[in-house]
Amino acid sequence: MSNIQKPNTDIADFVGFIQKGGKIKPFVKDIKLITTKVAGLDYIENIDEIFSQIQIEDKLDLFRESDNEYDYRAIIVKYHGEKIGYVPRNENHVLSNLMDGGKLLYGVVVDFGEDEPYKGYKYRFLKFKIFLKEEF
């Protein structure tokens, strides 16, 4: 009797796949970095119109604005191509370094609305998660 064992069919299938030029893709999941609020919403002229369109889980695009005169680490937040504000200055240091290094970041809306008016002034907020897009 021989002591050679027949290979497991799963392993044999895998080896055959590799021998035929098959490529294995790593498991890729975007990495959540932080949750924050958009800064400067109330300075956007058409924010009422934009707010009427926003939904939970909507994607937000992030862009560097290194020539910003007030903050050289500025990151613009856009919703469907419309600027709605910035990543807060106290949270953009590492994020701007990642973006300057070629990493793609994006946001996802988790909450938005209006807080109680203060002296007749509406205070809007938009809370979002920032993700690092893992690309292969």
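As a reminder, the structure under discussion sits directly above these lines.
This section reports on the structure supplied with the text.

What counts as what
Residues numbered from 1 in each chain as written. Predicted model: local features only at pLDDT ≥ 70, side-chain atom pairs only at ≥ 80, totals over all residues. Heavy atoms only, no water. 1 Å grid on protein atoms, 1.4 Å probe; cavity = no way out; pocket = protein on both sides within 12 Å on 5 of 7 lines; lining within 4 Å. Points joined across faces, edges and corners; volume = space filled by probe spheres on them. Nonpolar A, V, L, I, M, F, W, Y, C, P; charged D, E, K, R; others polar. Buried < 20%, exposed > 50% of the residue type's maximum accessible area, 1.4 Å probe, protein only. Helix = DSSP H or I, 4+ residues; strand = E, 2+ residues; numbered from the N terminus. Arc of directions from axis to C-beta. Contact = heavy atoms within 4.5 Å. Polar contact = N/O pair within 3.5 Å; in protein donor to acceptor, adjacent residues only side chain to side chain. Patch = residues over 30% accessible without salt bridge, like charges linked within 9 Å, V, L, I, M, F, W, Y side chains within 5 Å. Areas by Shrake-Rupley, 256 points an atom, 1.4 Å probe, with all protein chains shown as cover. Salt bridge = Lys/Arg side-chain N within 4 Å of Asp/Glu carboxyl O. Phe/Tyr/Trp six-rings, centres within 6.5 Å; stacked < 30°, edge-to-face > 60°. Lys NZ or Arg CZ within 6 Å of the ring centre and 35° of its normal.

**Considering the layout of surface pockets**
Estimated volume of the largest pocket: approximately 210 Å³. Every residue lining the largest pocket is listed: Ala39, Asn68, Glu69, Tyr70, Asp71, Ala74, Ile75, Tyr86, Val87, Pro88, Arg89 and Asn92. Of the residues belonging to the lining of the largest pocket, the class tally is seven nonpolar, two polar and three charged.

**Section: helix α3 (residues 93–100)**
Those residues of α3 not exposed but buried are Leu95, Ser96 and Met99. Down the axis of α3, the sector holding all buried residues measures 95°, keeping them to one side. In α3, the exposed positions angled more than 90 degrees off the buried face are occupied by Val94 and Asp100. Turning to α3, the residues buried within the fold contact β1 (31–37), β2 (59–64), β3 (75–79), β5 (105–118) and β6 (121–132). Glycine 102 lies just past α3 and shows a positive phi near 95°.

**Regarding the side chain of arginine 124**
Assignment of secondary structure puts arginine 124 in strand β6. According to the relative accessible area criterion, arginine 124 is buried, its value standing at 10%. A polar contact is formed between the side chain of arginine 124 and the side chain of aspartate 42, at a distance of 3.2 Å. Polar side-chain contacts of arginine 124 include one of 2.4 Å to the side chain of aspartate 48. Other than its neighbours up to four places away in sequence, arginine 124 contacts Leu41, Asp42, Ile47, Asp48, Phe51, Gly113 and Glu114.

**Side note on the environment of valine 109**
Note on placement: valine 109 falls in strand β5. For the pair formed by valine 109 and lysine 129, sequence separation is 20 residues and the distance between their alpha carbons is 6.6 Å. Excluding anything up to four places from it in sequence, valine 109 contacts Ile54, Gln55, Ile56, Glu57, Asp58, Leu60, Leu126, Lys127 and Phe128.

**A word on a nonpolar patch on the surface**
On the surface, Ile11, Phe14, Val15, Phe17, Ile18 and Ile24 cluster together into a nonpolar patch covering about 550 Å² of accessible area. In this structure, valine 15 sits in helix α1 (residues 9–19).

**Remarks on the packing of aromatic side chains**
The geometry of an aromatic ring pair is captured by the separation of the ring centres together with the interplanar angle, meaning the angle of the planes. Under the definition given, this model contains two aromatic pairs. Centroid distance phenylalanine 51 to phenylalanine 112: 5.7 Å. Interplanar angle 85°. Geometry classified as edge-to-face. Here the residue phenylalanine 51 occupies a position in helix α2 (residues 47–51), and phenylalanine 112 occupies one in strand β5, the gap between them amounting to 61 residues. For phenylalanine 112, a relative accessible area of 24% corresponds to the partly exposed category. Measuring from centroid to centroid gives 5.4 Å for tyrosine 106 and phenylalanine 131, while their planes differ by 15°, and the two rings are stacked. Highlighted residues: tyrosine 106 in strand β5 and phenylalanine 131 in strand β6, separated in sequence by 25 residues. Cation over ring: lysine 78 sits above phenylalanine 63, and NZ or CZ is 5.1 Å from the ring centre.

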